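The lines below spell out each chain.
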Amino acid sequence: MLLSGQPTVTNNEFYNIGDEFQLVNSGLTGFTTGASGASKTWDFSTLSSSGSSMLSVAHDTTSGFSTSNLLITLPNGLKEHVQANSTDSYINGMMDPVSGTLTFYNNYDNSKRPFSYLTSYVDSYEVNIPASSSAGMGHLTVTGDAYGTLKLPNGTYNNVL
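Residues numbered from 1 in each chain as written. Predicted model: local features only at pLDDT ≥ 70, side-chain atom pairs only at ≥ 80, totals over all residues. Heavy atoms only, no water.

Chemist: Help me out: how do you make sense of the pairing of strand β6 (residues 79-84) in this one?
Modeler: Where a strand is regular, its side chains alternate between the two sheet faces. Pairing of strand β5 (residues 70-73) with β6 involves four bridges; the strand directions are antiparallel. By the bridge assignment for β6, T73 is matched with K79. Linking two consecutive strands that pair antiparallel, namely β5 and β6, is a turn of five residues; a positive phi of about 95 degrees is found at G77 within it. Note: β6 against strand β7 (residues 88-95), six bridges, orientation antiparallel. From the neighbouring strand, H81 faces β7, where its bridge partner is G93. (Pairing = 2+ DSSP bridges. Helix = DSSP H or I, 4+ residues; strand = E, 2+ residues; numbered from the N terminus.)

And the structure:
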């Protein structure tokens, strides 16, 4: 009998100060996400690149987000204030350096660790944008609905969740 191992991701969205990631921009026209389930293969090996961008992680010293320990600069320039620990990464807020607009999040659990196949969680959070007097609530549902092999132009990755 052959049994395939189910991956458990222990470092999902867990960044360290000084981390930098080069992200490759790709057009997904003509591609679908593929099937969910166990031991799947997703073949995106023919994706074409349309340039790249950078994601970087620094120590958050901003007084407005005092519980954040990470400041993640996203490819579009937005600054994401994150409170990360060994089990969760909470987004506390975003800052647009061009407009100066601040967005505050309350209890936005962006990722849980460890995470494995058929694991799921639901997160309810609040958002507040003082500059526009906007506020609201959101719900995030995350499900590990598939694992298998991912084929990309730069290589093949096994045990992808």
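Chemist: Teacher, can you tell me more about the side chain of D88 here?
Modeler: Checked against the element boundaries, D88 lands in strand β7. Look past the residues within four positions of D88 in its chain and what remains in contact with it is Q83, D109, S111, K112 and R113. (Contact = heavy atoms within 4.5 Å.)

Chemist: What am I meant to see in the layout of surface pockets here?
Modeler: Any empty space left between atoms is shown by rolling a water-sized probe over those atoms. By volume, the largest pocket is sized at about 1200 Å³. Elements supplying a minimum of two residues to the lining of the largest pocket: β2 (20-26), β8 (102-112), β11 (134-143), β12 (146-152) and β13 (155-160). Broken down by element, the lining of the largest pocket gets its largest block of residues, five residues, from β2. Here the residues of the lining of the largest pocket sort into 18 nonpolar, 11 polar and two charged. (1 Å grid on protein atoms, 1.4 Å probe; cavity = no way out; pocket = protein on both sides within 12 Å on 5 of 7 lines; lining within 4 Å. Points joined across faces, edges and corners; volume = space filled by probe spheres on them. Nonpolar A, V, L, I, M, F, W, Y, C, P; charged D, E, K, R; others polar.)

Chemist: What should I look at first to understand the sheet that holds β13 in this one?
Modeler: Paired through backbone hydrogen bonds, the strands of a sheet run either parallel or antiparallel to each other. Ordered by their spatial adjacency, three strands build an open sheet running β3-β12-β13, and the pairing between neighbours is mixed. On the outer flanks of this sheet lie β3 (37-43) and β13, each paired with one strand and no other. Within this sheet the neighbouring strands show an average axis-to-axis angle of 10 degrees, counted without direction. For β12 and β13, the ladder comprises four bridges, and the chain directions are antiparallel. Counterpart to G148 in the pairing with β13 is V160. (Axes fitted to C-alpha atoms, helices over the stretch in contact; angles between N-to-C directions.)

Chemist: Looking at this structure, I do not really get the sheet that holds strand β4 (residues 49-59). What am I missing?
Modeler: Taken together, eight strands build an open sheet; the order of strands is β2-β4-β5-β6-β7-β8-β10-β11 and the sheet is antiparallel. In this open sheet, the two strands that pair with only one neighbour each are β2 and β11. With direction set aside, neighbouring strand axes in the sheet form an average angle of 20 degrees. Summarising the sheet, β2 and β4 pair through six bridges and their orientation is antiparallel. Bridge pairing links F21 to L55 in β4.

Chemist: Teacher, can you tell me more about the packing of aromatic side chains here?
Modeler: In this description, an aromatic ring pair is defined by two values, namely the gap between the centres and the angle between the planes. Applying the stated criterion across every chain, the model contains eight aromatic pairs. Between Y15 and F21 the ring centres are 5.4 Å apart and the planes differ by 55 degrees, which places this aromatic pair in the tilted class. Note on Y15: relative accessible area 18%, which makes it buried. Cluster of aromatic residues (ring-pair linked, three or more members): Y105, Y108 and Y125. Across the ring face of Y121, the terminal group of K112 is positioned such that the distance to the ring centre comes to 5.5 Å. (Phe/Tyr/Trp six-rings, centres within 6.5 Å; stacked < 30°, edge-to-face > 60°. Buried < 20%, exposed > 50% of the residue type's maximum accessible area, 1.4 Å probe, protein only. Lys NZ or Arg CZ within 6 Å of the ring centre and 35° of its normal.)

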